[in-house]
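Remarks on the overall topology
Residue-level listing of the chains:
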Amino acid sequence: MRPPWDDYFMKIADDVALRSTCDRASVGAVLVKEKHIVSTGYNGSPAGLEHCDDVGHLMVEGHCVRTVHAEVNAIIQAAVFGLATRDAVCYVTHFPCLNCTKMLINARISKLIYKNSYRIDPIALEFLKTAGVEVIVYSPE
């Protein structure tokens, strides 16, 4: 049986998360427009720098600062390859942090579908609402 679109793209986000190089949280994000993948991203070090999995975490105030978040990497990959993110849907394995939320809003995504309710920031929720981004908790069909 063919999976529904949301199941299909969230499964891909789960698979993308397997590429994560920071084991504190394996997160995957997929940006989709008109049922086609624009870009993907996972949390890991900037290109050319050492990975947490190889050299350990670089912790500052409880956060690993060596890691670029999955949502940001998906936006960056779209930019690197000249792909528009306006009106894209973001499928992500974990609810975005406040900074990722702001970047997704500025990337003009229209909808956020997340799987894990990880550290949901009420300010992030308010920003998404104010920006008109539809927020959906993923629920497999």
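Preceding this section is the structure that the text describes.
Residues numbered from 1 in each chain as written. Predicted model: local features only at pLDDT ≥ 70, side-chain atom pairs only at ≥ 80, totals over all residues. Heavy atoms only, no water.

Focus: unusual backbone geometry
In the Ramachandran plot, Asp87 falls in the positive-phi region, its phi being about 70 degrees despite a non-glycine side chain. With phi around 50 degrees, Arg119 is a residue other than glycine that occupies positive phi space.

Some details on the pairing of strand E6 (residues 111-116)
Of the strand pairs in this sheet, strand E5 (residues 89-94) and E6 are connected by 5 bridges, and their pairing is parallel. Bridge pairing links Tyr91 to Ile113 in E6. Once the chain exits E5 it traverses helix H4 (residues 98-106) before rejoining the sheet at E6, and the crossover so formed is right-handed. Note that E6 and strand E7 (residues 134-137) share 4 bridges and pair parallel. Bridged to Ile113 within E7 is Ile136. Regarding the hand of the β-α-β motif, the stretch spanning E6, helix H5 (residues 122-131) and E7 is right-handed. (Pairing = 2+ DSSP bridges. Helix = DSSP H or I, 4+ residues; strand = E, 2+ residues; numbered from the N terminus. Right-handed = clockwise from strand over helix to strand, strands pointing away.)

Notes on the nonpolar core
Formed by 21 residues in total, the largest nonpolar core has its most connected members in Leu31, Cys90, Val92, Ile109 and Leu112. Of all elements in the fold, only strand E1 (28-33), helix H3 (70-80), E5, H4, E6 and H5 reach the threshold of two or more residues within this core. In terms of residue count, H3 provides more of this core than any other element does, 4 residues in total. Not counting residues up to four positions away in its chain, the partners in contact with Ile109 are Leu31, Thr85, Asp87, Ala88, Cys90, Leu104 and Val133. Within the second largest apolar cluster, 11 residues are counted, among which are Phe9, Ile12, Val30 and Tyr138. (Core = buried A, V, L, I, M, F, W, Y, C linked by side-chain atoms within 4.5 Å. Buried < 20%, exposed > 50% of the residue type's maximum accessible area, 1.4 Å probe, protein only. Contact = heavy atoms within 4.5 Å.)

Structural notes on the sheet that holds strand E2 (residues 36-42)
Pairing is mixed across the open sheet formed by 5 strands, whose spatial order is E2-E1-E5-E6-E7. Edge strands, defined here as strands with exactly one partner in the open sheet, are E2 and E7. With strand direction ignored, the average angle separating the axes of adjacent strands in the sheet is 20 degrees. Where E1 and E5 come together, 4 bridges link them in antiparallel fashion. Residue pairing across strands places Leu31 opposite Cys90, the latter belonging to E5. Sitting on the sheet, H3 is in contact with E1, E2 and E5, with an inclination near 130 degrees to E2. (Axes fitted to C-alpha atoms, helices over the stretch in contact; angles between N-to-C directions.)

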